[in-house]
Amino acid sequence: MDVEYERICKKLGFVPCEYKFDGPDTEDDNWENPFLMRCSHG
């Protein structure tokens with residue numbers, strides 16, 4: 001494990017091996033990205 005990653009985990013009290021993801025097994029690509037800059041080319 002990267003030293004910096006380990007330091008951050010300790011600071012946040014996060015233990016990766018104890019983390020259990022309760023979301024969907026697949027990524028949802030249907031959401032709209034709020035950071036995407038929209039521009040019209042017409």
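In case you missed it, the structure is sitting above this.
Scope of this entry: the structure provided in the associated data block. Not measured: the values here are computed from a predicted model.

The rules we used
- Residues numbered from 1 in each chain as written.
- Predicted model: local features only at pLDDT ≥ 70, side-chain atom pairs only at ≥ 80, totals over all residues.
- Heavy atoms only, no water.
- Helix = DSSP H or I, 4+ residues; strand = E, 2+ residues; numbered from the N terminus.
- Buried < 20%, exposed > 50% of the residue type's maximum accessible area, 1.4 Å probe, protein only.
- Polar contact = N/O pair within 3.5 Å; in protein donor to acceptor, adjacent residues only side chain to side chain.
- Patch = residues over 30% accessible without salt bridge, like charges linked within 9 Å, V, L, I, M, F, W, Y side chains within 5 Å.
- Areas by Shrake-Rupley, 256 points an atom, 1.4 Å probe, with all protein chains shown as cover.
- Salt bridge = Lys/Arg side-chain N within 4 Å of Asp/Glu carboxyl O.

1. Concerning the overall build of the protein
Step number 1: Helices and strands together make up the secondary structure of the protein, namely one helix and zero strands.
Step number 2: Every one of the 42 residues in the protein was classed for burial, and the buried ones make up 2%.

2. Examining helix 1 (residues 3-12)
Step number 1: Capping the start of helix 1, Asp-2 holds a side-chain oxygen 3.3 Å from the backbone nitrogen of Glu-4, two or three residues further along.
Step number 2: Phi turns positive, to about 75°, at Gly-13, one or two residues after helix 1.

3. Considerations on a nonpolar patch on the surface
Step number 1: Together, Tyr-5, Ile-8, Leu-12, Phe-14, Tyr-19 and Phe-21 make up a nonpolar patch on the protein surface, roughly 660 Å² of accessible area in all.
Step number 2: Take Ile-8: it is sitting in helix 1.
Step number 3: Relative accessible area serves as the criterion here: at 39%, Ile-8 is assigned to the partly exposed category.

4. Description of the pattern of salt bridges
Step number 1: On inspection of all chains with the given rule, the structure shows two salt bridges.
Step number 2: As a salt-bridge pair, Arg-7 and Glu-4 come within 2.7 Å of each other at their nearest N and O atoms. Here Glu-4 and Arg-7 lie together in helix 1, a separation of three residues that amounts to about one turn.
Step number 3: Judged by its relative accessible area of 43%, Arg-7 is partly exposed.
Step number 4: By relative accessible area, which is 40% here, Glu-4 ends up partly exposed.

Spatial relationships are all this shows, so hold off on functional conclusions.
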